[in-house]
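# An overview of the molecular structure
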Amino acid sequence: MRYLIVGNGAAGIEAALNIRKLDSDGEIKIIAQSKNHFYYRPRLIEYLAGDIDFNSLLKYDEKFYQEKNIDIELGLKIVNIDKENKVVECEYGEKFSYDKLLIATGARSFIPTIKGILKVGIFKFRGVSDCDEILSYSETHKDVIIIGAGLLGIEAANSLKKRGKNVTIVEYCDRLLPNQLDKEGSDILRDKLEEKGINFILGDCVEEVHGRAFVDGLTLRSGKTMPCKVIILSTGIRPRLELAENLGLNTQRGIIVNNKMETNIKDIYAAGDVAEHNGLCYGLWIPSMEQGKIAGINMAGEASEYEGSTIETRLKVTGISVFSAGIIGTDEADVYAYKDDIVYRKFFVKDGKIIGAFIIGDPRSSLKVSKAINNGDGIETLKELL
Ligand SMILES: Cc1cc2nc3c(=O)[nH]c(=O)nc-3n(C[C@H](O)[C@H](O)[C@H](O)COP(=O)(O)OP(=O)(O)OC[C@H]3O[C@@H](n4cnc5c(N)ncnc54)[C@H](O)[C@@H]3O)c2cc1C
């Protein structure tokens, strides 16, 4: 059996390792456009801050793949899949055959439509090369604007603050972490982050970036203008669908897969940030690994079903921990909260079950809360946290 995996991220690698557990003889080949071996993307934040070097991000070396008998080709971009002949084609014409194919091509940063968005000095933040470019360019510039106050934007702000930059985050919504916190939670986090020296402009957005070829300031929708030389986009991600487009794969936001991570085309699977399962594109590390594992098991001929992942996010910036899980801020839920000078916990309860929660400043209780949400427990399980 010839297994071909496009992408060496969390989903692709997890699939390969699970195939190998079940099929000791099959040919496993991973092809990735990335020139780097598999690295732990979430720790790029620490790399950007200068806390760790690139080697600390790497998980497996050449020897590991040799021992597992997995063939890995880096720096090769697949541009076409011929489903009739079961062949993939690379950018410079090389072709590889497969019996089972996994598309694990991840996502790319979303670039918003803003006047002047293509100027030099605007960066996305997705891979190690983006970090290197940001660091090298901002060496001589002190003021950095980050567009987007999601997890990545806040983490990046913290990393660059540590590098001595003046950082301002501009966010369209009226609150930070719009997917994880309600307004009250956001206000608490904002106060804590402002104390650390990060600036925020909420409820506004960048209308135009100024400068000839190079960024030299911007104008917000409110009319306010700001000087700046460096802009970092943290405005969300989009699944990389280009391989799916010519192939006739069913897509909506991502490539649609069933519980076995199968697409609508026989012997082609998808997993990770590129995949959409039950209407959800997770864009998160653990779900990517879980999907990769299920894809690998099914590709190797065993049966295993993906039932979805619990969405949990953790932010740990400048010593402030934020945990958020489940459904937040819905009007249909009863709300229970606890607040003191250090900790803020908020729980959302519907039909007697905890459906969501966020906690600021108390990392120790997150595991317990996470379990209570997963078990569908009632609020009495967490009474000591109220
Ligand atoms: C800075 C940062 C911090 C993050 N922090 C967290 C966090 O704290 N918690 C969390 O849960 N998630 C986090 N994430 C998200 C998480 O990293 C992703 O969900 C995860 O990496 C997705 O894995 P993947 O295997 O689907 O895709 P990726 O890791 O994106 O890998 C895709 C692979 O496909 C290859 N590829 C793409 N197109 C082609 C092609 N045409 N031909 C050949 N190869 C191709 C790429 O080169 C790459 O190897 C973070 C992401 C970033 C960028």
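These lines cover the structure that appears in this document, whether it is placed above or below.

Definitions and limits used
- Residues numbered from 1 in each chain as written.
- Predicted model: local features only at pLDDT ≥ 70, side-chain atom pairs only at ≥ 80, totals over all residues.
- Heavy atoms only, no water.
- Helix = DSSP H or I, 4+ residues; strand = E, 2+ residues; numbered from the N terminus.
- Rg over C-alpha atoms; globule rule 2.2 N^0.38 Å.
- Contact = heavy atoms within 4.5 Å.
- Areas by Shrake-Rupley, 256 points an atom, 1.4 Å probe, with all protein chains shown as cover.
- Lys, Arg positive; Asp, Glu negative; His and termini not counted.
- Charge placed at Lys NZ, Arg CZ, Asp CG, Glu CD.
- Near = heavy atom within 4 Å.
- Polar contact = N/O pair within 3.5 Å; in protein donor to acceptor, adjacent residues only side chain to side chain.
- Nonpolar A, V, L, I, M, F, W, Y, C, P; charged D, E, K, R; others polar.
- Expected span 1.5 Å × (residues − 1).
- Buried < 20%, exposed > 50% of the residue type's maximum accessible area, 1.4 Å probe, protein only.
- Pairing = 2+ DSSP bridges.
- Axes fitted to C-alpha atoms, helices over the stretch in contact; angles between N-to-C directions.
- Core = buried A, V, L, I, M, F, W, Y, C linked by side-chain atoms within 4.5 Å.

Bringing the overall build of the protein into the picture now. Each helix and strand in the protein was counted, giving nine helices and 25 strands. Against the globule reference of 21 Å for 386 residues, the protein gives a C-alpha radius of gyration of 22 Å, in line with a compact fold. The C-alpha extent of the protein, read off along each of the three principal axes, is 60 × 60 × 40 Å. Within the protein, counting contacts between residues at least 6 apart in sequence, those at least 24 apart form 59% of the total. Accessible surface computed for the protein: about 18,400 Å², of which carbon and sulfur atoms make up 46%. Of the side-chain charges in the protein, 51 are positive and 57 negative, and the distance between the mean point of each set is 3 Å.

A separate point is the side chain of Gln180. Of note, Gln180 is situated in the loop between strand 11 (166-171) and helix 6 (183-195). The contact partners of Gln180, leaving out residues within four places of it in the chain, are Leu151, Thr313, Ser324, Ile328 and Phe358.

On to the site of the ligand. Around the ligand, a shell composed of 29 residues is seen, among which Asn8, Ser34, Ile78, Asp273 and Trp285 lie nearest. Ala11 is positioned with one of its backbone polar atoms (N or O) 3.0 Å from an oxygen atom of the ligand. Asp273 places a main-chain nitrogen or oxygen 2.8 Å from an oxygen atom of the ligand. Across the complex, the protein chains shield 89% of the 1,000 Å² of accessible surface that the ligand would expose by itself. A class-by-class count of the residues in the shell around the ligand yields 14 nonpolar, 10 polar and five charged.

Here we take up helix 8 (residues 285-299). Think of an α-helix as turning once every 3.6 residues; residues three or four places apart then point the same way. Here helix 8 is 15 residues long and its end C-alpha atoms lie 21 Å apart, about the 21 Å a rise of 1.5 Å per residue gives. With 11 of its 15 residues buried, helix 8 lies for the most part within the structure. Residues Trp285, Pro287, Ser288, Gln291, Gly292, Ile294, Ala295, Gly296, Ile297, Asn298 and Met299 constitute the buried set of helix 8. In this fold, the buried residues of helix 8 make contact with strand 1 (2-6), helix 1 (10-22), strand 7 (100-103), strand 19 (268-270) and strand 20 (275-277). Gly301 sits one or two residues past helix 8 and shows a positive phi near 100 degrees.

Our focus in this paragraph is the sheet that holds strand 1. Strand pairs in the sheet, formed through backbone hydrogen bonds, run parallel or antiparallel to each other. As summarised here, the arrangement of the five strands in space is 3-2-1-7-19, forming an open sheet in which the pairing is parallel. Where the open sheet ends on each side, the last strands, each with one partner, are strand 3 (70-74) and strand 19. Across this sheet, the average inter-strand angle for adjacent strands is 20 degrees, counted without regard to direction. Sheet topology note: the strand 7/strand 19 ladder contains three bridges and is parallel. Across the sheet, residue Leu101 finds its bridge partner in strand 19, namely Ile268.

Turning to helix 1, a few remarks are in order. Between its terminal C-alpha atoms helix 1 stretches 19 Å, which fits the 18 Å expected from 13 residues at 1.5 Å a residue. For helix 1, a buried count of 11 out of 13 residues is recorded, marking the element as mostly surrounded by other parts of the structure. Every buried residue of helix 1 is listed here: Ala10, Ala11, Gly12, Ile13, Glu14, Ala15, Ala16, Leu17, Asn18, Ile19 and Arg20. Buried residues belonging to helix 1 abut strand 1, strand 2 (27-32), helix 3 (62-67), strand 3, strand 7 and helix 8.

What follows is about the nonpolar core. Counting residues in each nonpolar core, the largest one holds 53 residues, and the members touching the most others are Ile81, Leu101 and Leu102. Per-element accounting of this core gives the leading share, seven residues, to helix 1. Leaving out residues up to four positions away in the same chain, Leu102 has contacts with Leu4, Ile5, Val6, Ala11, Gly12, Ala15, Tyr269, Ala270, Ala271, Ala295 and Met299. With 45 residues, the next largest nonpolar core counts Ile52, Leu176, Val230 and Phe348 among its residues.

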